[in-house]
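Architecture at a glance
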Amino acid sequence: MTTHPDPAVLICDLARSFYDLGWVSGTGGGICIRTGDNVVMAPSGVQKERMQPGEMFTVALDGSIVDRPDDPALRLSECSSLFLKAINLRGAGAVIHSHSLHAVMATLLFDEEFSISHLEMIKGIEGMGYHDRLVVPIIENTARECDLADALEEAILAYPATHAVLVRRHGAYIWGRDAVRAKTQAECYDYLFHAAVEMRRLGMPTTVEGGIDDASVQTAGTGVGGRR
């Protein structure tokens, strides 16, 4: 992937790719990229595949708006407070909010947490290996996106090894130390969500019990016990 010096340009490029994947269709979803002490964010309620660099917002780490687009009709992303949770709590350099159908379906098949093991793509998740059990917390959806912020913070703190949080019947928030890493993490997570949905459809378990070292389980131990 070509590295762009301007995060606004990169956001537009990524949004077009995510639209093709079905992650940001119907004006849903979003992305932000940190640059120093500021964060560049896509606006809310727009066709993500048609965005232009001049339509981005820039906010400080405390959420205050530093710079806004000239078009007064554009609104700051409904995801802004959630993006900042991952940035401030995890040091994320970029956060992707996906409305992927694979993520949505995964939240309907698992209770408090998504769990999968022994798939090659798990190695694409930072800190994980083939024999590890990947765990992603699931939080309940709310009528307003911004009202998810407290639950997202709780999940991030309870699962310090995760790079993603699923939202029931909604999608996922996925982050990385920079835009490239966030993109590759999101692609790996989406593959694993899709694989788990297909495994469940075929009546197969998503984890290999008895073949995993308990010390390798990537979870803080809270919220464990959901259906796997």
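Report follows, based on the coordinates. These numbers were taken from a predicted model, which means no experiment stands behind them.

Along the protein chain, the regular secondary structure elements total five helices and nine strands. In sequence order, the secondary structure elements of the protein chain are arranged as α-β-β-β-β-α-β-α-β-β-α-β-β-α. Taking all 228 residues of the protein chain together, the buried fraction comes to 50%. Look at the contacts in the protein chain between residues 6 or more apart in sequence, and 65% of them connect residues 24 or more apart. Only carbon and sulfur atoms are counted for the fraction: they give 50% of the accessible area of the protein chain, which is about 10200 Å².

The contact between helix α2 (residues 80-90) and helix α4 (residues 149-158) brings their axes to 9 Å, and the two run at 25 degrees. Accordingly, the angle class assigned to the pair α2 and α4 is roughly parallel. In terms of crossing hand, the pair formed by α2 and α4 is right-handed. Here S81, L82, K85, A86, L89 and R90 of α2 lie close against α4, whose contacting residues are A149, L152, E153, I156 and L157. Partitioning the contact of α2 with α4 into residue classes produces seven nonpolar, one polar and three charged.

Attention shifts here to the pattern of salt bridges. Evaluation of the coordinates by the stated rule reveals ten salt bridges. Two residues, R34 and D37, come together in a salt bridge whose shortest N-O distance is 4.0 Å. Exposure remark for R34: the relative accessible area of 28% places this residue in the partly exposed category. Classification of D37 by relative accessible area gives exposed; the value is 58%. When salt bridges with common partners are traced through the structure, they connect E126, R177 and R181 into a single cluster.

Within the open sheet, the nine strands sit side by side as β4-β3-β2-β1-β5-β9-β8-β7-β6. Their pairing is mixed. A single partner strand is all that each edge strand has here, and the edge strands are β4 (65-67) and β6 (113-117). Here the average twist between neighbouring strands, direction ignored, is 25 degrees. Relative to strand β3 (residues 57-60), strand β2 (residues 38-41) is paired through four bridges, and the arrangement is antiparallel. Looking at the pairing, V40 lines up with T58 of β3. Sitting on the sheet, α4 is in contact with β7 (133-139), β8 (164-167) and β9 (171-176), with an inclination near 160 degrees to β7.

Another aspect to go through is the environment of D111. Looking at where D111 falls in the secondary structure, it is placed in the loop between α3 (101-109) and β6. Taking the C-alpha atoms as reference points, D111 and I139, 28 residues apart in sequence, are found 9.4 Å from one another.

Glancing now at the environment of E154. Structurally, E154 is set in helix α4. Along the chain, E154 and P137 lie 17 residues apart, while their C-alpha atoms are 9.9 Å from each other.

Here we come to the state of the cysteines. Tallied over the entire structure, the rule returns zero disulfides. C32 takes part in no disulfide bond, and the closest cysteine sulfur to it belongs to C79, at a distance of 8.9 Å. A relative accessible area of 0% means that C32 is categorised as buried.

The next thing to look at is a nonpolar patch on the surface. Nonpolar side chains collect at one region of the surface, where L101, M105 and L108 lie side by side and expose about 270 Å² of accessible area between them. Mapped onto the elements, M105 comes out in helix α3.

Of note in the backbone geometry, T27 takes a positive phi value of approximately 70 degrees without being a glycine. With respect to the helices and strands, the residue T27 is situated in the loop between α1 (7-21) and β1 (30-35). Taking relative accessible area as the criterion, T27 reaches 33% and is therefore assigned partly exposed. Even without being glycine, R169 reaches a positive phi, approximately 60 degrees.

Parameters at a glance
Residues numbered from 1 in each chain as written. Predicted model: local features only at pLDDT ≥ 70, side-chain atom pairs only at ≥ 80, totals over all residues. Heavy atoms only, no water. Helix = DSSP H or I, 4+ residues; strand = E, 2+ residues; numbered from the N terminus. Buried < 20%, exposed > 50% of the residue type's maximum accessible area, 1.4 Å probe, protein only. Contact = heavy atoms within 4.5 Å. Areas by Shrake-Rupley, 256 points an atom, 1.4 Å probe, with all protein chains shown as cover. Axes fitted to C-alpha atoms, helices over the stretch in contact; angles between N-to-C directions. Parallel < 35°, antiparallel > 145°, perpendicular 65-115°, else oblique. Left-handed = near helix turned anticlockwise from the far one by under 90°. Nonpolar A, V, L, I, M, F, W, Y, C, P; charged D, E, K, R; others polar. Salt bridge = Lys/Arg side-chain N within 4 Å of Asp/Glu carboxyl O. Pairing = 2+ DSSP bridges. Disulfide = S-S within 2.5 Å. Patch = residues over 30% accessible without salt bridge, like charges linked within 9 Å, V, L, I, M, F, W, Y side chains within 5 Å.

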